[in-house]
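One-letter residues, chain by chain:
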Amino acid sequence: MSEEGKKTSSQLLKEIQDNTYARAWEAKEKGEPVVWATSICPDELLNAMDLATVYPENQAGVIGARKEAMKFIDQAEGIGYGPDTCSYARVNMGYVDLQQSDSQEIPLPDLIFSSTNICYTVQKWYENLSKKLNIPMILFDMPFNHEYEVTDSATAYIRGQLENAIKQLEEFTGRKMDYDKLAHAMEINNETCEWWKKATDMGRFRPSPLDGFKMFNYMALMVANRSFEDSRDCFRLWYEELEQRHAEGKGPWSSAEEQYRIIWDGIACWPHLSTTYKLLKKYGINMVTSTYPQSWYKVYETNDLDGMARSYTGNYANRNLDFGEDSMEERIKTFDIDGVLFHTNRSCKLMDFRTYEVQRRILAKAGCPSVVFDGDQTDPRVFSEGQYETRVQALMEMMDKYKEQKRKGDL
């Protein structure tokens with residue numbers, strides 16, 4: 001608690017997360033259904049139907065951060081899942097077999113709720129879960145946006161799936177959708193996303209009051225609790241805390257000054273989170289933004305299923321290279337970026353395949369330097385601390401030259 005007895009946003013974050021898992025276990029004990037869902041799915045529907053929901057991606061991230069991933073990965077690879085398969089999927093499939101974790105346990109699901117706007121791996125991953133556990137699956141087939149803007153035809157296609165998903169949820173629960181509750185969930189989702197954006201946009205100030213690695217922790221609520229009032233309140237409180245730090249002229253850390261400002265592109269290396277963070281801090285490098293804030297910004301008009309459909313299929317990871325390039329360039333300008341650190345995440349094929357082209361384009365268009373390092377979101381075997389530090393040092397040299405060019409007006 002603070003001196004006034006008020007909870008901090010980080011305390012509220014932990015409380016919300018604990019309550020989410022507790023609610024799922026309570027539902028399981030009562031014989032009520034539990035849902036496993038993918039991130040950036042329309043969880044407003046699940047909230048409106050009062051379904052206890054957990055997210056295997058969140059659990060896998062916690063397991064990775066607490067150095068427990070390998071026992072689940074070994075289990076999954078032992079039954080035939082290759083090491084080039086998404087490590088979130090391998091951790092999760094291993095957990096289904098072992099059903100014990102010192103890091104974070106979740107109850108087995110009664111329903112699978114999957115959306116392909118983050119990648120197409122989740123379709124097969126969740127299909128396998130559905131078959132293995134003999135439970136139903138609701139799938140949102142989100143078409144990739146090869147054109148720059150989300151098309152009307154894609155919007156109509158997803159709107160039809162939203163309507164069908166509502167019917168499937170009604171059949172599964174034996175209850176009708178409460179459209180007043182759905183409208184409220186949609187409204188709260190929008191408010192939560194707005195406060196998330198305000199908080200993460202605080203990184204645009206120099207020095208940034210935001211230590212960008214904290215964003216990885218708060219992101220858990222954007223995965224699992226966007227349409228809940230306590231999440232909205234948590235992000236509003238986080239914004240207020242950051243605004244206060246900015247008003248007081250405080251940077252991201254109390255023990256070091258912000259010397260360089262970077263974009264981190266890609267998912268965190270959860271097993272090596274402390275190593276990647278501390279090494280950047282050692283050199284005064286602050287990750288002030290990433291592609292995450294935009295990915296979770298799902299805003300649309302309340303009671304507008306077309307708007308919801310357009311928003312969910314328009315996720316950053318589901319957009320073409322031109323959109324990705326423009327988004328990166330806009331962040332370089334808005335956040336006064338000195339360089340970009342690209343994580344070539346072996347688990348995330350969709351993002352890996354575009355890394356080098358986006359890197360080439362931002363150098364040619366904005367002159368912004370960048371480096372690439374190898375890693376994985378959950379599998380600890382891929383990352384090399386030596387390689388990481390060498391790449392960071394190289395980026396520092398390039399950023400010094402870039403900053404000097406900007407100072408002289410040569411860019």
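Residues numbered from 1 in each chain as written. Predicted model: local features only at pLDDT ≥ 70, side-chain atom pairs only at ≥ 80, totals over all residues. Heavy atoms only, no water.

Adjacent strands of a sheet form backbone hydrogen bonds with each other and so pair up, either parallel or antiparallel. The strand order across the open sheet built from four strands is S6-S5-S7-S8, with neighbouring strands paired in parallel fashion. Single-partner strands in this sheet number two, and they are strand S6 (285-290) and strand S8 (370-375). Here the average twist between neighbouring strands, direction ignored, is 30 degrees. Bridge count between strand S7 (residues 339-345) and S8: six bridges; the pairing is parallel. In the strand pairing of S8, Leu 341 is matched with Val 371. This element, helix H9 (residues 213-224), spans strand S5 (260-265) and S6 of the sheet and lies at about 35 degrees to S6. The strands that helix H15 (residues 349-366) touches are S7 and S8; relative to S7, the one it contacts most, it runs at about 165 degrees. (Pairing = 2+ DSSP bridges. Helix = DSSP H or I, 4+ residues; strand = E, 2+ residues; numbered from the N terminus. Axes fitted to C-alpha atoms, helices over the stretch in contact; angles between N-to-C directions. Contact = heavy atoms within 4.5 Å.)

So, on to the pairing of strand S4 (residues 137-140). By the alternation rule, side chains of S4 split into Ile 138 and Phe 140, which are all buried, and Met 137 and Leu 139, of which none is buried. Where strand S3 (residues 111-115) meets S4, four bridges bridge the pair, whose relative direction is parallel. Paired with Ser 115 across the bridge in S4 is Phe 140. (Buried < 20%, exposed > 50% of the residue type's maximum accessible area, 1.4 Å probe, protein only.)

What follows is about the pairing of S7. Along S7, seven of the seven residues are buried, which leaves the element largely enclosed by surrounding structure. Burial along S7 is two-sided: the face carrying Gly 339, Leu 341, His 343 and Asn 345 and the face carrying Val 340, Phe 342 and Thr 344 are both buried. Each parallel crossover has a hand, and the one from S7 via H15 to S8 is right-handed. (Right-handed = clockwise from strand over helix to strand, strands pointing away.)

In this section: the state of the cysteines. As enumerated under the stated definition, the model contains zero disulfides in all. This cysteine, Cys 41, is not joined by any disulfide, and Cys 193 carries the nearest cysteine sulfur, 13 Å off. A residue is classified by how much of its surface remains accessible, and Cys 41, at 1% relative accessible area, is buried. Left unpaired, Cys 348 is separated from the closest cysteine sulfur, that of Cys 119, by 6.4 Å. Relative accessible area serves as the criterion here: at 17%, Cys 348 is assigned to the buried category. (Disulfide = S-S within 2.5 Å.)

Let us look at unusual backbone geometry. The peptide bond linking Arg 206 to Pro 207 adopts the cis configuration, its omega dihedral lying at -5 degrees. Within the secondary structure, Pro 207 sits in the loop between helix H8 (179-200) and H9. The backbone phi angle of Asp 50 is positive, close to 55 degrees, even though this residue is not glycine. Inspection of the secondary structure puts Asp 50 in the loop between helix H2 (43-48) and strand S2 (52-54). Note on Asp 50: relative accessible area 44%, which makes it partly exposed. Of note in this structure, Lys 67 is not a glycine but carries a positive phi near 60 degrees. Mapped onto the elements of the fold, Lys 67 is located in the loop between helix H3 (56-65) and helix H4 (69-78). In this structure Lys 67 comes out as exposed when scored by relative accessible area, which is 62%.

Tracing the backbone shows Arg 319 in the loop between helix H13 (305-313) and helix H14 (321-334). The class for Arg 319 is buried, based on a relative accessible area of 7%. Only 2.9 Å separates the side chain of Arg 319 from the backbone oxygen of Tyr 148, close enough to count as a polar contact. Other than its neighbours up to four places away in sequence, Arg 319 contacts Phe 144, Asn 145, Tyr 148, Glu 149, Val 150, Gly 314 and Arg 354. (Polar contact = N/O pair within 3.5 Å; in protein donor to acceptor, adjacent residues only side chain to side chain.)

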